[in-house]
Structure formats: C-alpha cells, structure tokens
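# Observations on the three-dimensional arrangement
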Amino acid sequence: MRRFKNILVGVDLSQGDRFVSRELPPPSVEAVERALWLARRNSAHLTFFYSIDVSAAAQRIIEESEGVKESVLKECQDVLSELVAQA
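The model shown is predicted, which means the values in this text are computed figures rather than measured ones.

### Focus: the side chain of Ser28
With respect to the helices and strands, the residue Ser28 is situated in helix α1 (residues 26-42). Take Ser28: its relative accessible area is 5%, and that puts it in the buried class.

See the structure below:
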C-alpha cells in the first residue's frame, strides 16, 4: 500500500545578498534528498515550491524596476527545473 501519493517540497532560493541562489542552503538540500527518497519508496508525485526571503525595500525594487521581476522569476524557474530534472 502506498502511504504517500503527493509530496510538496519547499526550498529556499535566497541566500546571502542574492535574490536567487543556485546553491541551496543545507536545510533545503536535506528536504529535497528526503523527498526524493520518500517519493521513490512510495511511487509518489513531487511538487517543488520555492520561496525567497527579501526585505520590503528589496521587494519594492523587484516590483518597480524594469525587467528585474521577470529576471528573478526566470532564475527561480530555472533552479526548479534543475530540481525536477534531478527527480
């Protein structure tokens, strides 16, 4: 019997002074590794969710600056695509 059918994996893509980092922090790496293991054992589907922790000032810059929001979103999507390929 499959205990888990769907697994949601949250990853933090912000690190240091970067909006989006391709290098995941250790807790996110651990979450991905455990989710992959659990998904394999249960033939479950994985869904990746990302978050970026930015200050209110940085959020305003992202929202108001031409092309910055699209660039940040594309970078996040690229990182998630790499995780999906890994899975």
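### Quick notes on unusual backbone geometry
The phi torsion at Ser43 lies on the positive side, around 50°, for a residue other than glycine. Positionally, Ser43 belongs in the loop between α1 and β2 (45-51).

### Some words on the environment of Leu24
Note that Leu24 resides in the loop between β1 (6-12) and α1. Residue class for Leu24 comes out buried when judged on its relative accessible area of 14%. Among residues more than four places away in sequence, those in contact with Leu24 are Val11, Asp12, Leu13, Gln15, Val29, Val32 and Leu83.

### Focus: the nonpolar core
One broad trend across soluble globular proteins is that nonpolar side chains are buried collectively. Counting 17 residues, the largest nonpolar core has Val9, Val11, Leu13, Val32 and Leu83 as its most contacted members. For this core, the secondary-structure elements that each account for two or more residues are β1, α1 and α3 (68-86). Per-element accounting of this core gives the leading share, 5 residues, to α3. When residues no more than four places from it in sequence are discounted, the contact partners of Val11 are Leu24, Ser28, Val32, Phe49, Tyr50, Ser51, Leu80 and Leu83.

What counts, and where the lines are drawn
Residues numbered from 1 in each chain as written. Predicted model: local features only at pLDDT ≥ 70, side-chain atom pairs only at ≥ 80, totals over all residues. Heavy atoms only, no water. Helix = DSSP H or I, 4+ residues; strand = E, 2+ residues; numbered from the N terminus. Buried < 20%, exposed > 50% of the residue type's maximum accessible area, 1.4 Å probe, protein only. Contact = heavy atoms within 4.5 Å. Core = buried A, V, L, I, M, F, W, Y, C linked by side-chain atoms within 4.5 Å.

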